[in-house]
Amino acid sequence: MSTPRKSPKRPAVRTASAPAGRAVDRPADDEIWPRVTRELADDLAVDALARDRAGKAPFDEVARLQEAGLPALLTAPGPSRRGADWRAACAVVREISAADSSVGELLAHHYALSWSSRFFGPAHEAHTPYRADAPPATTAVPAPGTAPSPEDASGTETPSGADGARRPGAAHRRPLALDVCTAEERWLLAGGVEPPRAATEPGLTLTPAEGGGGWILDGRRAFASGVTVADRLVVGARPGGTGDLLVVLVDPAHPGVFTDAGTDRVGQRLAGAGTVTFDHVPVPPEHVLGVLPHDEHAVAPFTTLAPLALRLLLTQVGLGIAEGALAEARDISRADQAGPVPAGGAGGPAGGDGAAPAGSGDDPYLLLAYGELATAAHAAAAVVERATDALARGLHTEWSLTLEERADISVLVAAAETVTGRAAVHITTRILELVDGTAGADSRGGGPGFDRFWRNARALTAPTRADHRLRDIGDHYLNGTHARLTLLA
């Protein structure tokens, strides 16, 4: 039975690097982030297996993230803020995922959602911080069952006559700059903007609130990460169930929000996945973050970077899984604890006359196996880094991004996703063979538990169809065709 959830109140944190008397949630210098991330990753790695076995809601993991200040990393620069860029965010997700990929996925979804007001909000208001005393904005939120006009979506003023007065939120405060508000309020975000994949899933709907002041949210959705521990949910819902999608911010502590934790997951058990039911939940006008037009041709290329950003961040999680598994297996092999390489694997049978002792550091078949796996990891990292640079440039371009530039970014992200997904599954599967039979690697006996890397890699890559990505890459390469401007990740 689902019950309303209330997140525990978290105390404010002062980072060790902050000047005396100045309360901040993040280090003052960007150079500190690699050290902060490495220290947290080392801390998470110590008890990663025990926490994976326990399978509890990741409240402790979120507290560690908040203490390190990482949820506030991807904040827009400002007079009192030093915002890190997407390259830094991707590096953080990758290193955290090498230690605990569930926490990495939590952070990946949070970072992508924190830019929702930038991706979906009006271009001229996307960077405006929310103030409680701000004057009403003239940008109108669409009436139920009707599509917002391109003028509304672009931020052009809408007349405030009789028609405008009936539109929920016709005069409302400026939308939140969600990344700034998230850092200031110490929120962890979860949810998902994309429409349901299954045609049988109705998704979320909005109806006008009585008196024309905002909306009422109803419906039920499953989410892959963070909903059991989030401070705020960012979701997409359609007025009247049809038409354009509104992106809204919801407090999960509201009595009308019910969360069922996903407890039967094979992998990524600590990612906080679950199903959320919204029962007559009010959404004030200022919590409508933006609009996603139903017609994909009316969507700005910059807006369509939203799913690409999430896909690339999740690709960083997959790369972290592969690198984490490889590093732990290497440590065991260096300690001369690894078992023999299985017969027929990595170029030939293990053992035999004149062969090095099984599991020793000069076993040629063991060296060949690690060479193969390290090469796969290096190749995936190279493709991912190229896609990361391209996406970072596209995000910097913002609303000046062209369709051609967006198409190039899409292809690079798809290539990174495909190469890394295959590498993660291959490396984690092969690692299980390399350590098979080693007492220290038996998860049932209290060892490192290498099966969790394989389970996590499978759970992360299962929703992605590599053949679809490869088809889009081939069509672009051969015919110059652009992939569809779709929000589905």
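### What to know about the overall build of the protein chain
Here is step 1: Regarding its fold elements, the protein chain presents 14 helices and 9 strands.
Here is step 2: Summing over all exposed atoms, the protein chain offers an accessible surface of approximately 21,300 Å²; the carbon and sulfur share of this is 55%.

### Details of the pattern of salt bridges
Here is step 1: The final tally for this structure, using the stated rule, is 23 salt bridges.
Here is step 2: One salt bridge connects Arg-118 with Glu-398, and the closest N-O pair in it is separated by 3.5 Å. Placement of the pair is Arg-118 in helix 6 (residues 116-120) and Glu-398 in the loop between helix 11 (364-397) and helix 12 (403-435), with a sequence separation of 280 residues.
Here is step 3: We note a salt bridge from Arg-232 to Asp-251, for which the minimum N-O separation is 3.5 Å. Of this pair, Arg-232 sits in strand 5 (residues 232-239) while Asp-251 sits in the loop between strand 6 (245-250) and strand 7 (257-261), and the two are 19 residues apart along the sequence.
Here is step 4: Here the salt bridges share partners, and the residues they tie into one network are Asp-43, Asp-47, Arg-51, Asp-60, Glu-61, Arg-64 and Asp-100.

### Describing empty space enclosed by the protein
Here is step 1: Under the criterion given, the structure shown has 3 cavities of 30 Å³ or more.
Here is step 2: By volume, the second largest cavity is sized at about 90 Å³.
Here is step 3: Going through the elements one at a time, helix 2 (48-54), helix 4 (86-99), helix 5 (101-114) and helix 13 (451-461) are the ones with two or more residues in the lining of the second largest cavity.
Here is step 4: Sorting elements by how many residues they give to the lining of the second largest cavity places helix 13 first, with 3 residues.
Here is step 5: The class makeup of the residues in the lining of the second largest cavity is 5 nonpolar, 4 polar and 3 charged.

### Overview of the packing of aromatic side chains
Here is step 1: Scanning the model with the defined rule gives 6 aromatic pairs in all.
Here is step 2: An angle of 90° between the planes, with centres 5.5 Å apart, marks the rings of Trp-86 and Trp-115 as edge-to-face. A residue pair is termed long-range when its members are at least 10 positions apart, and Trp-86 in helix 4 and Trp-115 in the loop between helix 5 and helix 6 qualify at 29 residues. Note on accessibility: Trp-86 and Trp-115 belong to one class, buried.
Here is step 3: Taking the centre distance of 5.4 Å and the plane angle of 40° together, the rings of Phe-119 and Phe-302 count as tilted. Of this pair, Phe-119 sits in helix 6 while Phe-302 sits in the loop between strand 9 (288-292) and helix 10 (305-334); the two residues are 183 residues apart in sequence, bridging distant segments of the chain. Exposure class is identical for Phe-119 and Phe-302. Each is buried.

### Structural notes on the packing of helix 12 against helix 14 (residues 466-479)
Here is step 1: With their axes 9 Å apart at the nearest point, helix 12 and helix 14 run at an angle of 140° to one another. Here helix 14 runs oblique to helix 12, going by the angle between their axes. Like other packed secondary-structure pairs, helix 12 and helix 14 cross with a definite hand, here left-handed. Here Glu-404, Ala-407, Asp-408, Val-411, Ala-414, Ala-415, Glu-417, Thr-418 and Arg-422 of helix 12 lie close against helix 14, whose contacting residues are Ala-466, Arg-469, Leu-470, Ile-473 and His-476.
Here is step 2: In the contact of helix 12 with helix 14, the residues fall into 7 nonpolar, 2 polar and 5 charged.

### As for the nonpolar core
Here is step 1: Ranked by size, the top nonpolar core spans 83 residues in total, and within it Leu-70, Leu-73, Tyr-111, Phe-119, Val-234 and Leu-305 carry the most contacts.
Here is step 2: With 21 residues, the next largest nonpolar core counts Ala-237, Val-248, Phe-278 and Val-288 among its residues.

### A closer look at the environment of Gly-272
Here is step 1: Checked against the element boundaries, Gly-272 lands in the loop between strand 7 and strand 8 (274-283).
Here is step 2: Accessibility expressed as a relative area gives 5% for Gly-272, which makes it buried.
Here is step 3: Spatially, the C-alpha atoms of Gly-272 and Leu-106 are 7.5 Å apart, while their sequence positions differ by 166 residues.
Here is step 4: Other than its neighbours up to four places away in sequence, Gly-272 contacts Pro-58, Ser-225, Gly-226, Val-227 and Thr-228.

### Describing the environment of Ala-377
Here is step 1: Take Ala-377: it is sitting in helix 11.
Here is step 2: When the C-alpha positions of Ala-377 and Glu-323 are compared, they lie 6.7 Å apart, and in sequence the two are 54 residues distant.

### Examining unusual backbone geometry
Here is step 1: In the Ramachandran plot, His-280 falls in the positive-phi region, its phi being about 55° despite a non-glycine side chain.
Here is step 2: By the secondary structure assignment, His-280 is in strand 8.
Here is step 3: Positive phi outside glycine occurs at Glu-398, with the angle close to 60°.

### Re the pairing of strand 4 (residues 215-223)
Here is step 1: Pairing of strand 3 (residues 204-208) with strand 4, which is carried by 5 bridges, proceeds in the antiparallel orientation. Counterpart to Leu-204 in the pairing with strand 4 is Gly-219.
Here is step 2: Hairpin geometry of strand 3 and strand 4 is characterised by an intervening segment of 6 residues between the two adjacent antiparallel strands and by a positive phi of about 85° at Gly-211.

### A word on the side chain of Arg-51
Here is step 1: Inspection of the secondary structure puts Arg-51 in helix 2.
Here is step 2: A residue is classified by how much of its surface remains accessible, and Arg-51, at 9% relative accessible area, is buried.
Here is step 3: Filtering out sequence-adjacent residues up to four positions away, Arg-51 remains in contact with Leu-44, Lys-56, Asp-60, Glu-61, Arg-64, Asp-100 and Leu-270.

### As for the confidence of the model for the protein chain
Here is step 1: The share of residues in the protein chain with pLDDT of 70 or more is 71%, and the mean pLDDT across the chain is 78.
Here is step 2: Looking over the protein chain, one finds the lowest element-wise mean pLDDT in helix 8 (residues 162-165), namely 32, and the highest in helix 5, namely 96.
Here is step 3: Every residue in residues 3-28 is under pLDDT 50, and counting partners more than four places away or in other chains gives 59 contacts.
Here is step 4: Note that pLDDT drops below 50 for residues 443-447; the model gives that stretch 9 contacts with residues more than four away or on any other chain.

### Quick notes on the side chain of Glu-105
Here is step 1: Its place among the elements puts Glu-105 in helix 5.
Here is step 2: Filtering out sequence-adjacent residues up to four positions away, Glu-105 remains in contact with Ala-224, Ser-225, Gln-268, Ala-271, Leu-314, Val-317 and Leu-460.

### Brief notes about the packing of helix 1 (residues 32-46) against helix 3 (residues 59-68)
A packed helix pair is summarised by two numbers, namely the angle formed by the two axes and the spacing between the axes.
Here is step 1: Relative orientation of the contacting elements helix 1 and helix 3 amounts to 160°, with a least axis distance of 10 Å. If you check the angle between helix 1 and helix 3, you find them roughly antiparallel. Judged by the sense of rotation from one axis to the other, the crossing of helix 1 with helix 3 is right-handed. For the pair formed by helix 1 and helix 3, the contact residues are Trp-33, Val-36, Leu-40, Asp-43 and Leu-44 on the first element and Glu-61, Arg-64, Leu-65 and Ala-68 on the second.
Here is step 2: Here the contact of helix 1 with helix 3 is composed, by residue class, of 6 nonpolar, no polar and 3 charged.

Cut-offs and rules
Residues numbered from 1 in each chain as written. Predicted model: local features only at pLDDT ≥ 70, side-chain atom pairs only at ≥ 80, totals over all residues. Heavy atoms only, no water. Helix = DSSP H or I, 4+ residues; strand = E, 2+ residues; numbered from the N terminus. Areas by Shrake-Rupley, 256 points an atom, 1.4 Å probe, with all protein chains shown as cover. Salt bridge = Lys/Arg side-chain N within 4 Å of Asp/Glu carboxyl O. 1 Å grid on protein atoms, 1.4 Å probe; cavity = no way out; pocket = protein on both sides within 12 Å on 5 of 7 lines; lining within 4 Å. Points joined across faces, edges and corners; volume = space filled by probe spheres on them. Nonpolar A, V, L, I, M, F, W, Y, C, P; charged D, E, K, R; others polar. Phe/Tyr/Trp six-rings, centres within 6.5 Å; stacked < 30°, edge-to-face > 60°. Buried < 20%, exposed > 50% of the residue type's maximum accessible area, 1.4 Å probe, protein only. Axes fitted to C-alpha atoms, helices over the stretch in contact; angles between N-to-C directions. Parallel < 35°, antiparallel > 145°, perpendicular 65-115°, else oblique. Left-handed = near helix turned anticlockwise from the far one by under 90°. Contact = heavy atoms within 4.5 Å. Core = buried A, V, L, I, M, F, W, Y, C linked by side-chain atoms within 4.5 Å. Pairing = 2+ DSSP bridges. pLDDT = per-residue confidence, 0-100.

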